[in-house]
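Letter by letter, the chains look like this.
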Amino acid sequence: MVRRPAVAGVTLVELLAVMAVIGALVALLLPAVHQSRAAARRIVCQSNLRQWVLAAHNHASKNFGYLPRRGQGSQPTKILNRPEDWFNALPLQMEEHPYLELSQLGLIPRAGDNSVWICPEAQAISQPTFFSYGMNMGLSVWDRTRPDHLERVGPTSTMVFMADAPGPYCSVWPSTRPYSPLDRHQGFVNIAFLDGHVNSYLGEDVGCGVGDPGRPDVRWQVPDSPWTGPQ
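1. Some points on the overall build of the chain
Phase 1 of the analysis: What the chain contains, in helices and strands, is four helices and five strands.
Phase 2 of the analysis: Mapped in sequence order, the helices and strands of the chain form the string α-α-α-β-β-β-β-β-α.
Phase 3 of the analysis: Against the 2.2 N^0.38 benchmark of 17 Å for 231 residues, the chain shows a C-alpha radius of gyration of 24 Å, more extended than a compact globule.
Phase 4 of the analysis: Counting the 231 residues in the chain, one finds 44% classified as buried.
Phase 5 of the analysis: Working note: accessible area of the chain is about 12500 Å², and carbon and sulfur atoms make up 57% of it.

2. Some thoughts on the nonpolar core
Soluble globular proteins tend to bury their nonpolar side chains together.
Phase 1 of the analysis: Formed by 36 residues in total, the largest nonpolar core has its most connected members in Trp52, Trp86, Trp117, Leu139 and Phe161.
Phase 2 of the analysis: Of all the elements, helix 1 (residues 12-62) adds the most residues to this core, at seven residues.

3. Overview of the packing of aromatic side chains
Here the distance between the centres and the angle between the planes together describe a pair of aromatic rings.
Phase 1 of the analysis: Following the criterion strictly, the structure yields 13 aromatic pairs and no others.
Phase 2 of the analysis: Measuring from centroid to centroid gives 5.8 Å for Trp86 and Phe87, while their planes differ by 80°, and the two rings are edge-to-face.
Phase 3 of the analysis: With a relative accessible area of 1%, Trp86 lands in the buried category.
Phase 4 of the analysis: Overall, the relative accessible area of 0% leaves Phe87 in the buried class.
Phase 5 of the analysis: Of the aromatic side chains, those joined through ring pairs into one cluster are Trp52, Trp86, Phe87, Tyr99, Trp117 and Phe131.
Phase 6 of the analysis: Lying over the aromatic face of Trp142, Arg69 brings its terminal NZ or CZ to 4.5 Å of the ring centre.
Phase 7 of the analysis: The ring centre of Trp227 lies 5.1 Å from the NZ or CZ of Arg70, which sits over that ring.

4. Quick look at the pattern of salt bridges
Phase 1 of the analysis: Tallied over the entire structure, the rule returns five salt bridges.
Phase 2 of the analysis: The shortest N-O distance in the salt bridge between Arg215 and Asp217 comes to 2.7 Å.
Phase 3 of the analysis: We classify Asp217 as partly exposed; its relative accessible area is 31%.

5. Topic: the environment of Gly106
Phase 1 of the analysis: Mapped onto the fold, Gly106 is located in the loop between helix 3 (99-104) and strand 1 (131-136).
Phase 2 of the analysis: Expressed as a C-alpha distance, the spacing of Gly106 and Ser200, which sit 94 residues apart in the sequence, is 32 Å.

6. So, the side chain of Ser225
Phase 1 of the analysis: Within the secondary structure layout, Ser225 lies in the segment after helix 4 (203-206).
Phase 2 of the analysis: For Ser225, a relative accessible area of 11% puts it in the buried group.
Phase 3 of the analysis: Engagement of the side chain of Ser225 in a polar contact is seen with the backbone nitrogen of Trp227, the distance being 3.1 Å.

7. Digging into the pairing of strand 5 (residues 198-202)
Phase 1 of the analysis: Strand direction decides the pairing type here: strand 4 (residues 188-193) and strand 5, joined by five bridges, are antiparallel. Paired with Asn190 across the bridge in strand 5 is Ser200.
Phase 2 of the analysis: In this structure, the hairpin formed by strand 4 and strand 5 is closed by a connection of four residues, where Gly196 is found at a positive phi of approximately 110°.

8. Observations regarding a nonpolar patch on the surface
Phase 1 of the analysis: Taken together, the side chains of Leu12, Leu15, Leu16 and Met19 define a hydrophobic patch exposed on the protein surface, amounting to about 420 Å² of accessible area.
Phase 2 of the analysis: With respect to the helices, strands and loops of the structure, Leu16 is situated in helix 1.
Phase 3 of the analysis: The class of Leu16 is partly exposed, set by a relative accessible area of 48%.

9. Regarding the environment of Val198
Phase 1 of the analysis: Along the chain, Val198 turns up in strand 5.
Phase 2 of the analysis: Note: C-alpha distance between Val198 and Met162 (36 residues apart in sequence) is 9.3 Å.
Phase 3 of the analysis: Excluding its chain neighbours within four sequence positions, the residues that come into contact with Val198 are Gln46, Leu49, Arg50, Asn190, Ile191 and Ala192.

10. What about the sheet that holds strand 3 (residues 171-172)?
Phase 1 of the analysis: The mixed open sheet is built from five strands, whose spatial order is 3-1-2-4-5. Here the strands that pair on one side only, and so sit at the sheet edges, are strand 3 and strand 5.

11. Examining the state of the cysteines
Phase 1 of the analysis: Inspection of the entire model under this criterion finds zero disulfides.
Phase 2 of the analysis: Cys119 provides the cysteine sulfur closest to Cys45, a residue in no disulfide bond, and the two sulfurs are 3.8 Å apart.
Phase 3 of the analysis: Take Cys45: its relative accessible area is 0%, and that puts it in the buried class.
Phase 4 of the analysis: No disulfide involves Cys170; its nearest neighbouring cysteine sulfur is the one of Cys45, lying 17 Å away.

Criteria and cut-off values
- For every chain, the first residue of the written sequence is number 1, and numbering continues from 1 along that sequence.
- Confidence filtering applies because this is a predicted model: local features only for residues at pLDDT of at least 70, side-chain atom pairs given and counted only at 80 or more, and all residues used for totals across whole chains, interfaces and linings.
- As a rule here, side-chain values cover all heavy atoms of the structure and leave hydrogens and water aside.
- Per the convention used, a helix needs a DSSP run of H or I reaching at least four residues, while a strand needs a run of E reaching at least two, with both numbered from the N terminus.
- The reference for a compact globule is 2.2 Å times residues^0.38; the radius of gyration itself is calculated from the C-alpha atoms.
- Between buried and exposed lies partly exposed: a residue is buried under 20% and exposed over 50% of the maximum accessible area for its type, with that area taken using a 1.4 Å probe on protein chains only.
- Areas reported as accessible are Shrake-Rupley estimates using a 1.4 Å probe. Residue values count occlusion only from the protein chains shown.
- Put simply, a nonpolar core is a bunch of buried Ala, Val, Leu, Ile, Met, Phe, Trp, Tyr and Cys residues held in one set by side-chain atoms that sit within 4.5 Å of each other.
- Put simply, two rings from Phe, Tyr or Trp (the six-membered ring, in Trp's case) pair if the centres are within 6.5 Å, and we call them stacked under 30 degrees between planes, edge-to-face over 60, tilted for the rest.
- In this scheme, the term charge over a ring applies when either NZ of a lysine or CZ of an arginine sits within 6 Å of the ring centre and within 35 degrees of the ring normal.
- Whenever Lys or Arg places a side-chain nitrogen within 4 Å of a carboxyl oxygen from Asp or Glu, that contact is recorded as a salt bridge.
- Polar contact criterion, stated in full: a pair of N or O atoms within 3.5 Å, where within protein one must be able to donate a hydrogen and the other to accept it, and residues adjacent in sequence count only if both atoms are side-chain atoms.
- DSSP-based pairing: two strands are paired if at least 2 bridges between them are found.
- Patch membership requires more than 30% relative accessible area and the absence of a salt bridge. Residues of like charge join within 9 Å; the nonpolar side chains Val, Leu, Ile, Met, Phe, Trp and Tyr join within 5 Å.
- Two residues form a contact once any of their heavy atoms are found within 4.5 Å.
- Here, the term disulfide refers to a pair of cysteine sulfur atoms separated by no more than 2.5 Å.

Structural data, given as structure tokens:
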């Protein structure tokens, strides 16, 4: 009779040791995976903002250099029927439906939608309208006869056009009030400038939830504008 060689078994201690090693590796890898996914969502948000700035330039080129209106200011957005407001004027430059049409069709973009309207980090709120991006509240205010001109707002590389918004407001301004830009990217906020570039800033550095610190490289106020901020 031919004897088969004995097969060594795995002891309970060895099995527990392997499981401990696997658990340690998972604990080390999960934060990296989370960071990678957060970075990817931030990049998608920045891409959305660049598309909005490009649409603003296309709009200006067809309107003698004038930008769209900002929409409502420091009040939650209820007026949707003005074609000059950015959320109705700019989608036409991207072959998208104006916000008014989306509202009438019951198709307002919401948190979680894969859309140029929506930041991937946006959180759902119970509000009839929803804007995960807001135009600079200081640009093209309705208090003035005409909207702002692209060539009369100072350096476009430092003039804010759009930023992450909290939801109820279509325009944003650094403030302690709820229309302040939202630093939802792990404490960072994405800001798009009129020259087309987008940067991420620590919310506290640009006044999210505090107030405009007056940085020369992140300008909200239009030169010589009688509108100096929400009251």
